[in-house]
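Letter by letter, the chains look like this.
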Amino acid sequence: MASSRTTRYRAAVIGCGARPNSGQAGKLAAGFGIGYAHGNMYRRCGATQLVAAADIDPENLSAFRDEYGLAAAAGHADYRRMLDEAKPDLVSIGTYVGLHRSMIEDAARAGVRGIFCEKPFVDSPAALVAVRRVVAETGVKISICHQRRNNPVFQRARELYNDGTIGDRVMCMAGISGWDLSEWGSHWLDIFRCLHRDEPVEWVMGQCRVRDVRGFHHAIEDHGVAYFKFTGGGFGLVDGGHGVTAPHTMALVGTAGVIRIEGEHTLHIDGPGGRRQESPTYKDRGLGFADDFEAMLERHLDWIEGGDVPPCGLPNTDGSAELNLAAYLSAVRGDRIDLPLTEDDLAYDEWPVEELARRSSR
């Protein structure tokens, strides 16, 4: 898309993943090729130029370079060397969650102005504290890739859920078939916070069934549930795992009606005014995965240039990472976790599902 911006930003991707349609993308060990979503995001924007990429897998790196016309010298096995040589303004991080903290710290201290980090954001409360610290020290602007916040369907659902269309807020509910509360479920945890206007979460109760599933270099629960309460009224319930049969279903329940969101493109509204459907779209583009990414990038650039914090900006989405981790801590401790996390909670320095996996193995 053409851009009226006067600044052109140098961009780089850390963690290319497998090429889409390669037979590997979509497997737990391949990272789903999410780097291509970021590469396409930069390619579509007239204000950005993709100048470098890093990946420890030489085949994935070569395929990524070929796709985006990058010279051999622009591909790196060591992301730190890439930061030093390419000196990007923007960096996308699409690696496993356990690597995010160090990569964010290194990119911020290398002078990167903007970071797009995939979810789940960090692997422990202690890592979240470390990221908050480096943001305060360097001023780097981070967006967590909860790009659905930009989607007009969820923006409109947020309006309707809070303007009395279905009465007072009662509960947001969603199921995620075959997925956990983090690699996919973190999107719904974040969307529920967005729908509640990012009001603080008062508490969360989580439970997980963990056996021997592993992917993305960490333990993954077979089935996980998070139930939480917002301080401004309303609850959230996310059910993920093999116990869920309906894929990616979502319903917003009010005291006088229900909004059902179908396939991230249609709102089914049933309230005192009757039943109707709405299918909101972007005014200047279509409605899809790539459009959500493009909107995320444009709003992040506005932020860098002095604008407001964007929907995906860390000041808005930091609480989603905390909620995600707190749900797992609740499962670990067998107790409700009150938010914000205490000093002792924030010292926890491990992916909590690993502790649950060790208990299961015994």
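This structure is a prediction, so every number in the text was calculated from the model and none was measured.

Rules and cut-offs
Residues numbered from 1 in each chain as written. Predicted model: local features only at pLDDT ≥ 70, side-chain atom pairs only at ≥ 80, totals over all residues. Heavy atoms only, no water. Helix = DSSP H or I, 4+ residues; strand = E, 2+ residues; numbered from the N terminus. Rg over C-alpha atoms; globule rule 2.2 N^0.38 Å. Buried < 20%, exposed > 50% of the residue type's maximum accessible area, 1.4 Å probe, protein only. Core = buried A, V, L, I, M, F, W, Y, C linked by side-chain atoms within 4.5 Å. 1 Å grid on protein atoms, 1.4 Å probe; cavity = no way out; pocket = protein on both sides within 12 Å on 5 of 7 lines; lining within 4 Å. Points joined across faces, edges and corners; volume = space filled by probe spheres on them. Nonpolar A, V, L, I, M, F, W, Y, C, P; charged D, E, K, R; others polar. Phe/Tyr/Trp six-rings, centres within 6.5 Å; stacked < 30°, edge-to-face > 60°. Salt bridge = Lys/Arg side-chain N within 4 Å of Asp/Glu carboxyl O. Contact = heavy atoms within 4.5 Å. Expected span 1.5 Å × (residues − 1). Pairing = 2+ DSSP bridges. Axes fitted to C-alpha atoms, helices over the stretch in contact; angles between N-to-C directions. Parallel < 35°, antiparallel > 145°, perpendicular 65-115°, else oblique. Left-handed = near helix turned anticlockwise from the far one by under 90°.

A.B. asks: Is there a simple way to explain the overall build of the protein chain in this structure?
C.D. replies: Broken down by element type, the protein chain carries 11 helices and 17 strands. The C-alpha radius of gyration of the protein chain comes to 20 Å, within 12% of the 21 Å expected for a compact globule of 362 residues. When the backbone C-alpha atoms are referred to their principal axes, the protein chain occupies close to 60 × 55 × 40 Å. By residue count, 56% of the 362 residues in the protein chain fall in the buried class.

A.B. asks: When you look at the nonpolar core in this model, what are you seeing that I'm missing?
C.D. replies: Among soluble globular proteins, nonpolar side chains are generally buried collectively. Residues Trp188, Phe192, Phe228, Met250 and Leu252 are the most contacted members of the largest nonpolar core, which totals 47 residues. The element that contributes the greatest number of residues to this core is helix H9 (residues 314-333), accounting for seven residues. Residues Met103, Val112, Phe121 and Val122 belong to the second largest nonpolar core, which totals 30 residues.

A.B. asks: Is there a simple way to think about the layout of surface pockets in this case?
C.D. replies: If you roll a probe as big as a water molecule over the atoms, it shows you where there is empty space left. Taken as a whole, the second largest pocket encloses approximately 180 Å³ of empty space. In terms of lining residues, the second largest pocket is bounded by Arg193, Asp198, Glu199, Pro200, Val201, Pro315, Asp318, Gly319, Glu322, Leu323, Leu339 and Pro340. When residues in the lining of the second largest pocket are grouped by element, the largest group, five residues, is from H9. Its residues assigned to classes, the lining of the second largest pocket shows six nonpolar, one polar and five charged.

A.B. asks: What is the right way to read the packing of aromatic side chains from this model?
C.D. replies: Remark: the centre distance and the inter-plane angle together describe each pair of aromatic rings, the angle taken between the planes. Counting across every chain of the model gives 14 aromatic pairs. Seen from their ring centres, Phe228 and Phe230 are 5.7 Å apart, and the 70 degrees between their planes marks the pair as edge-to-face. No difference in accessibility class separates Phe228 from Phe230, as the two residues are buried.

A.B. asks: In this structure, what is going on with the pattern of salt bridges? I would like to understand it.
C.D. replies: Between side chains of opposite charge, pairing is possible as soon as their charged atoms come close. What the rule picks out here adds up to 29 salt bridges. In this structure, Asp291 and Arg44 form a salt bridge, with 3.3 Å as the shortest nitrogen-oxygen distance. Note that Asp291 is positioned in helix H8 (residues 289-304) and Arg44 in helix H1 (residues 34-44), a separation of 247 residues in sequence. What makes Asp291 buried here is its relative accessible area of 9%. By sharing partners, the salt bridges in this structure join Arg5, Glu298, Asp302 and Glu305 into a single network.

A.B. asks: What exactly am I supposed to notice about the environment of Ile261 here?
C.D. replies: Within the fold, Ile261 resides in strand E14 (residues 257-262). Taking C-alpha positions, Ile261 is 24 Å from Ala327, a pair spaced 66 residues apart along the chain. Sequence-distant contacts of Ile261, defined by excluding residues within four places in its chain, comprise Val153, Phe154, Ala157, Met250, Leu252, Thr266 and Leu267.

A.B. asks: I tried to follow H8 on my own but got confused; where do I start?
C.D. replies: In an α-helix, one turn spans 3.6 residues, which is why side chains three or four residues apart end up on the same side. Helix length check: H8, at 16 residues, gives a terminal C-alpha distance of 23 Å against a target of 22 Å (1.5 Å per residue), a fit within 8%. With 12 of its 16 residues buried, H8 lies for the most part within the structure. Looking at H8, one finds that the buried residues are Asp291, Asp292, Phe293, Glu294, Ala295, Met296, Leu297, Glu298, His300, Leu301, Trp303 and Ile304. Looking one or two residues beyond H8, the residue adopting positive phi is Gly306, at roughly 105 degrees.

A.B. asks: Whenever I open this one, the sheet that holds strand E8 (residues 201-209) confuses me. Can you help?
C.D. replies: Within a sheet, neighbouring strands are paired by backbone hydrogen bonds and run either parallel or antiparallel to one another. Taken together, nine strands build an open sheet; the order of strands is E16-E15-E14-E13-E7-E12-E11-E8-E17 and the sheet is mixed. One side of each edge strand has no neighbouring strand; the edge strands of this open sheet are strand E16 (274-278) and strand E17 (337-338). With two bridges joining them, E8 and E17 adopt antiparallel strand pairing. When the sheet's bridge partners are listed, Val204 is paired in E17 with Ile337. Those strands touched by H9 are E8, strand E11 (223-230) and E17, and its axis lies near 55 degrees from that of E8.

A.B. asks: When you look at the packing of helix H6 (residues 152-162) against helix H7 (residues 185-195) in this model, what are you seeing that I'm missing?
C.D. replies: How two helices sit against one another is set out by the angle between their axes and by the gap between those axes. Orientation of H6 relative to H7, taken along the N-to-C sense of each, is 50 degrees, at an axis distance of 9 Å. For the element pair H6 / H7, the angle class is oblique. Along its contact with H6, which presents Phe154, Ala157, Arg158, Tyr161 and Asn162, the element H7 presents Trp188, Ile191, Cys194 and Leu195. A class-by-class count of the residues in the contact of H6 with H7 yields seven nonpolar, one polar and one charged.

A.B. asks: Please explain the packing of helix H5 (residues 125-138) against H9 as it appears in this structure.
C.D. replies: The geometry of H5 relative to H9 is characterised by a closest axis approach of 10 Å and an angle of 165 degrees between their N-to-C directions. By the angle between their axes, H5 is roughly antiparallel relative to H9. Of the two elements, H5 crosses H9, and the hand of that crossing is left-handed. Contact with H5, carried on its side by Pro125, Leu128, Val131, Arg132 and Val135, involves Leu314, Asp318, Ala321, Glu322, Leu325 and Leu329 of H9 and no other residues of that element. For the contact of H5 with H9, the per-class residue count stands at eight nonpolar, no polar and three charged.

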